[in-house]
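# Report on the structure
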Amino acid sequence: GAVVSQHPSWVICKSGTSVKIECRSLDFQATTMFWYRQFPKQSLMLMATSNEGSKATYEQGVEKDKFLINHASLTLSTLTVTSAHPEDSSFYICSATDDRGTDTQYFGPGTRLTVL
Amino acid sequence: GENVEQHPSTLSVQEGDSAVIKCTYSDSASNYFPWYKQELGKRPQLIIDIRSNVGEKKDQRIAVTLNKTAKHFSLHITETQPEDSAVYFCAASIGGTYKYIFGTGTRLKVLA
């Protein structure tokens, strides 16, 4: 149980274009989803917290107009990187907590974004 | 702000030996401390967790200890195997939320 999927697993795009990443909880309802960014050989940095039906809460230093988050249902959250630039190239990982109110976050497999 | 320090950054052990990774957190309201194992290019996998009302938890070869007074928690892996080689991250919940702050990670190499 508690499986989280992400799509796509990798994407290459040109500078200036937008990229959408989907995060889905497959066998549970995710009241809260989180988006992280991880640069090579570094830790996971929380970007934003997403709750179904409400606006995402962004961490300090994360541009909300650049990283658009939509949590339209209890099983789907999307992250759109707008006007991507090479410095946005990274590994983006989502996680979700289930609706039982536990603290455990279950992680998706990640999406590797390369911006040319 | 809240912070989690993790040591060491790299750790090499011989197969069969024990490995210990230590973390220190700053938020006195943190009450949940998970440990994740991440292999290269893969998702972090929860391996063990502990809550603030417990001092120690064990699951086969893996154990976690928590000293809430000192704000320290540690991961202990006994009888290490080559497949234990990975990056391990500790995390601490941010008080009152489901958010985590992650440590900087420890790259564990188990030498056969």
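Here, every reference points to the structure presented above.
Here's a quick rundown of the structure. Because the structure is a prediction, the values reported are computed rather than measured.

What follows deals with the overall build of chain B. Each helix and strand in chain B was counted, giving 0 helices and 11 strands. Counting from the amino terminus, chain B carries its helices and strands in the arrangement β-β-β-β-β-β-β-β-β-β-β. Compactness check: chain B gives a C-alpha radius of gyration of 13 Å against a globular reference of 13 Å for 112 residues, within 12% of the reference. Its C-alpha atoms give chain B principal-axis dimensions of about 45 × 30 × 20 Å. Burial status across chain B gives 45% buried among its 112 residues. Counting contacts in chain B only where the partners sit at least 6 residues apart, residues at least 24 apart contribute 52% of the total. Of the accessible surface of chain B, which amounts to about 5,600 Å², a share of 46% is contributed by carbon and sulfur atoms. Considering chain B, the positive charge centre built from 13 side chains and the negative charge centre built from 12 side chains are found 5 Å apart.

Below, the discussion takes up the sheet that holds strand S1 (residues 4-7) of chain A. Residue and element names in this part refer to chain A. In space, the 4 strands of this open sheet follow the order S1-S3-S8-S7, with antiparallel pairing throughout. For this open sheet the edge positions go to S1 and strand S7 (67-73), each flanked by a neighbour on one side alone. In this sheet, adjacent strand axes meet at a mean angle of 15° when their direction is disregarded. As judged from the 6 bridges shared by strand S3 (residues 19-25) and strand S8 (residues 76-81), these two strands associate in the antiparallel manner. From the neighbouring strand, Glu22 faces S8, where its bridge partner is Thr78.

Residue and element names in this part refer to chain B. Its location among the elements puts Ser30 in the loop between strand S3 (19-25) and strand S4 (32-38). A polar contact is formed between the side chain of Ser30 and the backbone oxygen of Ser93, at a distance of 2.5 Å. Not counting chain neighbours up to four residues away, the residues in contact with Ser30 comprise Tyr25, Ser52, Ala92, Ser93 and Gly95.

Thresholds, definitions, all that
Residues numbered from 1 in each chain as written. Chains lettered and ligands numbered in written order. Predicted model: local features only at pLDDT ≥ 70, side-chain atom pairs only at ≥ 80, totals over all residues. Heavy atoms only, no water. Helix = DSSP H or I, 4+ residues; strand = E, 2+ residues; numbered from the N terminus. Rg over C-alpha atoms; globule rule 2.2 N^0.38 Å. Buried < 20%, exposed > 50% of the residue type's maximum accessible area, 1.4 Å probe, protein only. Contact = heavy atoms within 4.5 Å. Areas by Shrake-Rupley, 256 points an atom, 1.4 Å probe, with all protein chains shown as cover. Lys, Arg positive; Asp, Glu negative; His and termini not counted. Charge placed at Lys NZ, Arg CZ, Asp CG, Glu CD. Pairing = 2+ DSSP bridges. Axes fitted to C-alpha atoms, helices over the stretch in contact; angles between N-to-C directions. Polar contact = N/O pair within 3.5 Å; in protein donor to acceptor, adjacent residues only side chain to side chain.

Keep in mind that these numbers describe shape and distance, not what the molecule does.
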